[in-house]
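What the coordinates show
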Amino acid sequence: MAIFTIPIAMFSERYNMRRAPLLLGLILLLGSQVMMMEAPNYAVMCVSRVLQGFGSTMVWVVGLALLCESTPEHYIGKQLGLSMVGFSVGFLAGPPIGGALYTRFGFRGPFISGIIIALVDLIGRLLVIERKDALRWDYDPAAVPVTRPEEDEEKSTEGGVATLPQQEQQHSHISLAGVIARLFTSSRAVAVIVVTFLYGIIYSAQEPTLPLHAQIVWGLNSKQVGLVYLAGMIPTLFSGPLSGWLSDTRGVEWLSVICILLSIPWWGIMIIQGHLALFIVAYALASFFLSGLPSPVMAEFAAVARSIDGVGYGHVYGAFNLVYGIGTCLGPVIGGQVYAHLKDKDGWMAINLLSVGLLSVSLLLMVCYTGEEPILTRLMRRRLKSN
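Identification of the protein as MFS general substrate transporter from Roridomyces roridus is taken from an unreviewed UniProt entry. A UniProt comment under Subcellular location (unreviewed entry) is attached to the protein, and it reads "Membrane".

Written as structure tokens, this is what we have:
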């Protein structure tokens, strides 16, 4: 995924293509499932995993770009939040469904289920109409409804409904170096990239250590640890769409700051080795508020794409996929090494304090640089006016 993200993002933006890469990605996913199911040796399984990563990258990068360019700007946070619900539901339902299928039908059961789901998804992608094609028929799926009749000169009418067209993104043929240079000359872009990277580390650092900690402190077995994970995953089904809707109505900068602020205390409470119920509640609330962060962050990525000439949705979501992937690769390594070197009590405390520290850095970046007018800028302006 890390290797293929950049070329997929560049290709998608250079040729302004969404539907074709999505179809190719799903075909690769289908092929990888078949290869893994019927692999005669280990090497074929490795190749199938590479193809699976390639296909998944296409779906992530191009899918998010398609969603953003087909949605009115003031609905993007809500739509991104709904897309994260799909991710959470799949992540939550996949392991138990796979286990049940394996028990009932054997090794091929989970793969056949995955192939059927991917086929249904493929049919859905065949029905996709890209915005560039819809515009040829005088219909803009990203148009913003307007109600004031005096704006007739600015709006288009389709089927009797007045709409204000959204500004169409320009798909320039700038090089990879040009995209990187433009992103890293924008403090707003750098801030959201760094926050995504830190989020990936925080989100994944506990994965290799939570089962060990739960077993040592409370004597939980693997099934009971799975229920603890379930308690942390269920709240994420609601936080994504809620934070997405609120970021559209209240502002990305405020929602991201609120999510981080309300998440920090629960990471500290999880250090306490008291009653198991307290730990589960703290874990669920930390997960709820932390999982509310991606929706405003991804909406901010979309805003960055609109604010920098030559940078498209494919570019910014390629950057999102890349830095988040690197973060989730480093997180388990960091968490596992810290836990192994400091033992359970001190190691678990260090991991949670590290998460608090990284969240604090993210909070500072969000306050200083997020949004068209960051919170720090507003506060300074108000202070100058009051003086």
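Now that the structure has been shown, the text picks up again.
1. Description of the packing of aromatic side chains
The full count for this structure, using the stated rule, is 12 aromatic pairs. Taking the centre distance of 5.0 Å and the plane angle of 50° together, the rings of Phe 11 and Tyr 15 count as tilted. With relative accessibility at 40%, the residue Phe 11 sits in the partly exposed group. Each ring, one from Phe 288 and one from Phe 289, has its centre 5.1 Å from the other, and the planes form 80°; the classification is edge-to-face. Taking the relative accessible area as the measure of exposure, Phe 288 reaches 21% and is therefore partly exposed. One aromatic cluster is present, built from ring pairs that chain together Tyr 199, Tyr 203, Phe 301, Tyr 317, Phe 320 and Tyr 324. The side chain of Arg 104 reaches across the aromatic face of Phe 105, ending 5.0 Å from its centre.

2. A look at the pattern of salt bridges
Throughout the structure, instances matching the rule amount to 11 salt bridges. Of the charged contacts, one joins Arg 18 and Glu 13 as a salt bridge, the two residues approaching to 2.6 Å between their closest N and O atoms. Both residues of the pair, Arg 18 and Glu 13, belong to the buried class. The partner of Arg 125 in a salt bridge is Asp 121, with the nearest N and O atoms 2.8 Å apart. With a gap of four residues between them, Arg 125 and Asp 121 both fall in helix α5 (residues 108–126), about one helical turn apart. A residue is classified by how much of its surface remains accessible, and Asp 121, at 28% relative accessible area, is partly exposed. Each of Glu 253, Glu 373, Arg 378 and Arg 381 takes part in one network of salt bridges that share partners.

What counts and what doesn't
- Residues numbered from 1 in each chain as written.
- Predicted model: local features only at pLDDT ≥ 70, side-chain atom pairs only at ≥ 80, totals over all residues.
- Heavy atoms only, no water.
- UniProt positions renumbered as here; feature names shortened; annotations may be inferred.
- Phe/Tyr/Trp six-rings, centres within 6.5 Å; stacked < 30°, edge-to-face > 60°.
- Buried < 20%, exposed > 50% of the residue type's maximum accessible area, 1.4 Å probe, protein only.
- Lys NZ or Arg CZ within 6 Å of the ring centre and 35° of its normal.
- Salt bridge = Lys/Arg side-chain N within 4 Å of Asp/Glu carboxyl O.
- Helix = DSSP H or I, 4+ residues; strand = E, 2+ residues; numbered from the N terminus.

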